[in-house]
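Examination of the molecular architecture
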Amino acid sequence: MKKAKIISVSVVLLGMALLSGCNQKESKKISVYRVETDALYMSALDTYQKENPGLELEIKTFPNYAEMKDQLNTELMSGKGPDVLLYNSLQSEADPFKLAKSGTFLSLDNYMEALPSDEYFMEIMEAGVINGSQYILPLSWNILQTYSTQKLVNEQNYRGQTFYTVLPKEAERLVTENDCAVCSLQFGRADVLNYFAEISGLSVIDSSGSLLIDENSFRQLAEFTKVIYDNVNKIQGIVQRYRNDFVGATAHLSFLLEDYSFMNNLRYYQSVYSKSLGEEMVMNPVTQLNSKGITAQVIQYGAVNANSKVPDEAWKLLLAVANTSVSTDFSKYDEAKVYYAPVKASLYNDCVVQLSTQNGKGAKGPAEPLDEENTSLLQQISQDVAMAVVPNVSIGNLVQECMEPYLIGNGDYESCYQGLMNKLELYLDE
């Protein structure tokens, strides 16, 4: 097993102090954990280390989140752990609600009051509010996307319709087509219904830990998700049949449904559709169920350990991560080098400039810079974000466990829904 690496850097010039007879102030020590598969944290902490020579920064590096989780949970349960806590909602399997409720996180309210609200996407920052206080600082975000050809959109008159309307119509149109399916399923979460609940603006619990389900809307969402489940066999068959054949796959899939890093992904597919299919590509964010607003998914987020002896310094480091410049030069499939959209508006705009002026990594050659229309689309997306959520794996597992019998056709909706309500109430009372 690959062991964690510890880097401890102290650049207090003790030798010079002794020679000069000057009294040096004791350096402040900050500890933080990170994993090698998280590009933002690897880059941000190395930069912070270089830019703050008067700080003793102890960085413990793990090969993956699974190994970090075991040690971190043990330390936090005993009132210890690093000063700065860094998570990834797709990999760390942390329960942010329970961690905040247990007193693990320090309230960041005083620090947030001094944060210039016009410099950050505050709709995304608000995802870190739990039970009325800011315990989490969102550090990056993403959205669920659909990709298709302009030809299909025109032929089926899908302009202006939400994906919740389009997908069932497309599934019905293809019901007798054994070699065609509605969409691919390229996203890294197993809690499919809970994922759509978050994206659609129907999160299962609110920021205070109370049940937030609107029964009618949740049923509508479950019926929508069941359409995907009903088509899973067709989808899997096509994906297997046309593996490594983009042209063949897209000819038999109406939409590519993906949650890869959306800014980089847009440039990638703009080139791939044009070069491989000779057709124009259309990307649409999956919006909320009952509005045109977009719900962002917080990917990386951080907190300050409530037991930290240096909370001010820990906050400064956390904010420095949020202010770290983001690269757009990576392959969409290279997990260790992927960056997501930053929470600082100016850095997001910098990414838009990069994507619209620089080549990227494509499938069989460079991905060309974004055209004017897709550049404008990225600018618009940041304006259309209405809210954000920090994914909760524990809630997601409960939703999937209780509702999956209905989704796969082995249980009735009412029984599954009531079972979910019972388990959620138990979970929230723990």
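A brief look at the structure comes next. (Residues numbered from 1 in each chain as written. Predicted model: local features only at pLDDT ≥ 70, side-chain atom pairs only at ≥ 80, totals over all residues. Heavy atoms only, no water.)

Concerning the overall build of the chain
A count of helices and strands for the chain gives 18 helices and 18 strands. Taking all 430 residues of the chain together, the buried fraction comes to 54%. Intrachain contacts of the chain at a sequence separation of at least 6 include 78% that bridge at least 24 residues. As displayed, the chain has an accessible area near 19,700 Å², and 48% of this comes from carbon and sulfur atoms. (Helix = DSSP H or I, 4+ residues; strand = E, 2+ residues; numbered from the N terminus. Buried < 20%, exposed > 50% of the residue type's maximum accessible area, 1.4 Å probe, protein only. Contact = heavy atoms within 4.5 Å. Areas by Shrake-Rupley, 256 points an atom, 1.4 Å probe, with all protein chains shown as cover.)

A closer look at the sheet that holds strand 10 (residues 181-186)
The four strands are arranged 10-11-9-12 in an open sheet whose pairing can be described as mixed. The two strands at the open ends of the sheet, each matched to only one other strand, are strand 10 and strand 12 (281-285). Taken over all neighbouring pairs, the strand axes of this sheet differ in orientation by 25° on average, direction set aside. When strand 9 (residues 145-149) meets strand 12, the two strands line up antiparallel, connected through five bridges. The residue of strand 12 that forms the bridge with glutamine 145 is proline 285. Sheet strands touched by helix 11 (residues 232-241): strand 10 and strand 11 (253-258). Its angle to strand 10, the strand with the most contacts, is close to 70°. Each of strand 9, strand 11 and strand 12 is contacted by helix 13 (residues 262-277), which is oriented at about 15° to strand 9, the strand it contacts most. (Pairing = 2+ DSSP bridges. Axes fitted to C-alpha atoms, helices over the stretch in contact; angles between N-to-C directions.)

Overview of a negative patch on the surface
Where like charges cluster on the molecular surface, the negative patch consists of Glu280, Asp371, Glu372 and Glu373. Assignment of secondary structure puts aspartate 371 in the loop between strand 17 (366-367) and helix 16 (372-384). (Patch = residues over 30% accessible without salt bridge, like charges linked within 9 Å, V, L, I, M, F, W, Y side chains within 5 Å. Salt bridge = Lys/Arg side-chain N within 4 Å of Asp/Glu carboxyl O. Lys, Arg positive; Asp, Glu negative; His and termini not counted. Charge placed at Lys NZ, Arg CZ, Asp CG, Glu CD.)

Section: the packing of aromatic side chains
Tallied over the entire structure, the rule returns 27 aromatic pairs. Centroid distance phenylalanine 121 to tryptophan 141: 5.9 Å. Interplanar angle 80°. Geometry classified as edge-to-face. In this pair, phenylalanine 121 sits in the loop between helix 5 (109-113) and helix 6 (122-125) while tryptophan 141 sits in strand 8 (residues 140-142), placing the two residues 20 residues apart along the sequence. Taking relative accessible area as the criterion, tryptophan 141 reaches 0% and is therefore assigned buried. An aromatic cluster of at least three residues, connected via ring pairs, comprises Tyr158, Phe163, Tyr164, Phe187, Tyr195, Phe196, Phe224 and Phe255. Positioned above the aromatic ring of tyrosine 427 is the side chain of lysine 98, whose terminal nitrogen or guanidinium carbon lies 4.4 Å from the ring centre. (Phe/Tyr/Trp six-rings, centres within 6.5 Å; stacked < 30°, edge-to-face > 60°. Lys NZ or Arg CZ within 6 Å of the ring centre and 35° of its normal.)

Some words on the packing of helix 17 (residues 393-407) against helix 18 (residues 413-429)
Interhelical geometry of helix 17 versus helix 18 gives an angle of 160° and a closest axis separation of 8 Å. The orientation of helix 17 with respect to helix 18, classified from their angle, is roughly antiparallel. The interaxial crossing formed by helix 17 with helix 18 has right-handed handedness. Seen from helix 17, the contacting residues are Ser394, Ile395, Leu398, Val399, Glu401, Cys402, Met403, Pro405 and Tyr406; seen from helix 18, they are Tyr413, Cys416, Tyr417, Gly419, Leu420, Lys423, Leu424 and Tyr427. Across the contact of helix 17 with helix 18, the residue classes break down as 13 nonpolar, two polar and two charged. (Parallel < 35°, antiparallel > 145°, perpendicular 65-115°, else oblique. Left-handed = near helix turned anticlockwise from the far one by under 90°. Nonpolar A, V, L, I, M, F, W, Y, C, P; charged D, E, K, R; others polar.)

Looking at the pattern of salt bridges
Under the counting rule described, the total for this entry stands at 14 salt bridges. For the salt bridge of lysine 29 with glutamate 58, the shortest nitrogen-to-oxygen distance reads 3.7 Å. Pair noted here: lysine 29 is in strand 2 (residues 28-35) and glutamate 58 is in strand 3 (residues 55-62), with a separation of 29 residues, a long-range link. The class of glutamate 58 is partly exposed, set by a relative accessible area of 26%. Of the charged contacts in the structure, one is a salt bridge between lysine 69 and glutamate 93, with a shortest N-O distance of 3.4 Å. A residue pair is termed long-range when its members are at least 10 positions apart, and lysine 69 in helix 3 (residues 65-77) and glutamate 93 in the loop between strand 4 (84-88) and helix 4 (96-101) qualify at 24 residues.

Some remarks on the sheet that holds strand 15 (residues 341-342)
Taken together, four strands build an open sheet; the order of strands is 15-8-13-18 and the sheet is mixed. Strand pairing shows two members of the sheet lacking a second neighbour, strand 15 and strand 18 (385-389), which therefore form its edges. Here two bridges tie strand 8 to strand 13 (residues 294-298), and the two strands are oriented antiparallel to one another. For asparagine 142, the partnering residue across the bridge sits in strand 13 and is glutamine 297.

Things to note about unusual backbone geometry
A negative phi holds for most residues other than glycine; trans holds for most peptide bonds. With a phi angle near 55°, asparagine 131 is a residue other than glycine that sits in the positive phi range. In this fold, asparagine 131 is placed in the loop between strand 5 (129-130) and strand 6 (133-134). Judged by its relative accessible area of 57%, asparagine 131 falls in the exposed class. At asparagine 157, a position not held by glycine, the phi torsion is positive, near 55°. As for its position among the elements, asparagine 157 is in the loop between helix 7 (150-155) and helix 8 (163-173).

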